[in-house]
Amino acid sequence: MVIGATGQIGRAAVGALARDGWEVTAVSRGGGRDEGWPGDVRVARADREDDAALAAAVGDGCDVLVDVVAYGAAHARQLTGLADRVGSAVVISSVSVYEDDKGRNFDTQEEPNGFPEYPVPITEDQRTVRPGEQTYSTRKAALERELLAAGAELPTTLLRAGGVHGPHCGTPRELYFVKRNLDGRTRRVLAYGGRSRFHPASVHNIAELIRLAAARPGTRVLNAVDPDAPTVAEIARAIDTVMGVEREDVLVDGPPPAPTVGDTPWSVPVPVVCDMGAAERELGYRAVVGYAETLPETVAWIERHLAGRDWREAYPKMLRSYGDLFDYAAEDAWFAA
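Overview of the structure.

Calculation criteria
All residue numbers here refer to positions counted from 1 along the written sequence of the relevant chain. The model is predicted, so local features are restricted to residues of pLDDT at least 70 and side-chain atom pairs to those at 80 or more, both for listing and for counting; the totals for chains, interfaces and linings are taken over all residues. Neither water nor hydrogens contribute to the side-chain values; these are computed over all heavy atoms in the structure. When DSSP finds at least two bridges between two strands, those strands are taken to pair. Secondary structure is summarised from DSSP: a helix means a run of H or I of at least four residues, a strand means a run of E of at least two, and numbering begins at the N terminus for each. Residue contacts are defined here by distance: any two heavy atoms, one from each residue, within 4.5 Å place the two residues in contact. Axis angles are defined between N-to-C directions and span 0 to 180 degrees, where every axis is a line fitted to C-alpha atoms and, for a helix, only to the segment in contact. For each residue, the accessible area found with a 1.4 Å probe, counting protein chains only, is set against the maximum for its type, and the residue is called buried under 20%, exposed over 50%, and partly exposed in between. Crossovers are described as right-handed under a simple rule: with the strands pointing away from the observer, the path leading from the first strand over the helix to the second runs clockwise. Two N or O atoms form a polar contact when they lie within 3.5 Å of each other; inside protein one atom must be a possible hydrogen donor and the other a possible acceptor, and for residues adjacent in sequence the pair counts only when both atoms belong to side chains. In this text, buried Ala, Val, Leu, Ile, Met, Phe, Trp, Tyr and Cys residues form a nonpolar core when linked through side-chain atoms within 4.5 Å. Counted charges follow a simple rule, with Lys and Arg positive, Asp and Glu negative, and His plus the chain ends left uncounted. Each reported salt bridge corresponds to a side-chain nitrogen of Lys or Arg within 4 Å of a carboxyl oxygen of Asp or Glu. Note that a disulfide, as used here, is simply two cysteine sulfur atoms within 2.5 Å. Centre distance within 6.5 Å is the pairing criterion for rings of Phe, Tyr and Trp, where only the six-membered ring of Trp is used; planes under 30 degrees apart are then read as stacked, over 60 as edge-to-face, and the remainder as tilted. Look at NZ for Lys and CZ for Arg. If either is within 6 Å of the ring centre and within 35 degrees of the ring normal, a charge sits over the ring.

1. Description of the sheet that holds strand β4 (residues 62-67)
In step 1: With parallel pairing, seven strands are arranged side by side in an open sheet as β3-β2-β1-β4-β5-β6-β10. A strand with exactly one partner marks an edge of an open sheet, and here the two such strands are β3 (42-45) and β10 (220-224).
In step 2: In the sheet, strand β6 (residues 156-161) pairs with β10 via five bridges, with the strands oriented parallel. Looking across to β10, one finds that Ala-161 is bridged to Ala-224.
In step 3: Taken strand by strand, helix α4 (residues 136-149) contacts β5 (86-94), β6 and β10, and its axis lies near 155° from that of β5.

Right under this line is the structure:
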């Protein structure tokens, strides 16, 4: 059973599990079906915030419950409340739970103490933020703590995903470059010298981890990222190649030179790169795709979803998460100065 089946990760996970021979029930609020799924995938409608509806969807039980939308301690307790009907679980978490040895994390990066300085690469034994209800990171940490504590009743694999990418994404970081290319912008500003590395995670690689973890129940935490961690400049050039254009990168050492100028969704002042050794050892995991291999389908999806629409209408979550990504007037003013 896959909760959040019609979301970005859920679509890929359902397909991977079904093709691997599992009898899959795809649960979503709308009860929809993806055209790429095998025909024997069952669909069910349930809102994961509705305890009764979710319990009804589980019915007499399932061997594996995959939850790609769990968030916070309440969702963890919702899952453990079904432990008597579930063999094991695979739940998506996030690399945002990590903090450095000085207690700095994604939530403190805008404060005077600055962005965290993570080890390269980050392993799963790196310290994490204090669980709580305040932020995305603290709520993911609370989800992890509750599920790990209940491992005897519900063995759970927690997958700490990096920068998720692929079709059907509501917040595609690649939009920053795709739209600029579509708009004919010939130059782009990249802060931190274009060297930022925030480890991407393809939905196809995450689905492969889910597939492997489903067949090997256990209580564990694993990173979930691609085999490569390209710089933001490399990402930009790879998108250019897919779109058949050539653009100039204007590299600025240090932070963005002006508000809304040079700060891409991939930009971070220090590398955020994760180690995949634990997944390789525990699950026999091998990545199925690299970052650049996935770009044609990602770019095509963004272009189709964007066609004839204002980007803020097509991707409202991007505006809420990152602000005005396309302030061309500010960019032109900075260039002119």
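Now, onward.
2. Thoughts on the pairing of β5
In step 1: A large share of β5 lies buried, amounting to eight of its nine residues.
In step 2: Relative to β5, β4 runs parallel, the two sharing five bridges. When the sheet's bridge partners are listed, Cys-62 is paired in β5 with Val-86.
In step 3: The handedness of the β4 to β5 crossover, carried by helix α3 (residues 73-80), is right-handed.
In step 4: In this sheet, β6 lies alongside β5 in parallel orientation, the contact comprising six bridges. Its bridge partner lying in β6, Ser-93 is registered against Arg-160.

3. Quick look at the environment of Asp-20
In step 1: Locating Asp-20 in the fold gives a position in the loop between α1 (8-19) and β2 (25-28).
In step 2: You can call Asp-20 partly exposed: its relative accessible area is 38%.
In step 3: Along the chain, Asp-20 and Leu-212 lie 192 residues apart, while their C-alpha atoms are 9.8 Å from each other.
In step 4: A distance of 3.2 Å separates polar atoms of two side chains, one belonging to Asp-20 and the other to Arg-211.

4. Focus: the nonpolar core
In step 1: In this structure, Phe-177, Ile-206 and Ile-210 are the most contacted members of the largest nonpolar core, which totals 74 residues.
In step 2: Sorting elements by how many residues they give to this core places helix α6 (residues 203-215) first, with eight residues.
In step 3: In this structure, Ala-46, Ala-70, Ala-83 and Val-221 belong to the second largest nonpolar core, which totals 23 residues.

5. Observations concerning the side chain of Lys-140
In step 1: Secondary-structure assignment places Lys-140 in helix α4.
In step 2: Here Lys-140 occupies a buried position and makes no salt bridge, while the nearest side chain of opposite charge, Asp-67, is found at 7.6 Å.
In step 3: In contact with Lys-140, other than residues within four places in its own chain, are Ala-70, Tyr-71, Ile-92, Ser-93, Ser-94 and Val-97.

6. Observations concerning the state of the cysteines
In step 1: Going through the model one piece at a time under the given rule, you end up with zero disulfides.
In step 2: Cysteine Cys-274 remains unbridged, with the sulfur of Cys-169 as its closest cysteine sulfur at 18 Å.

7. What about the packing of aromatic side chains?
In step 1: Scanning the entire structure with this criterion turns up ten aromatic pairs.
In step 2: When the ring of Phe-326 is compared with that of Tyr-328, the centres are 6.3 Å apart and the planes differ by 75°; the resulting orientation is edge-to-face. Neither residue differs from the other here; Phe-326 and Tyr-328 are each classed as buried.
In step 3: Taken together through their ring pairs, the aromatic side chains of Tyr-176, Phe-177, Trp-311, Phe-326 and Tyr-328 make up a single cluster.
In step 4: Here the basic side chain of Arg-139 rests over the ring of Tyr-71, its NZ or CZ set 4.1 Å away from the ring centre.
In step 5: Lying across the ring of Phe-335, Arg-187 places its NZ or CZ 3.8 Å from the centre.

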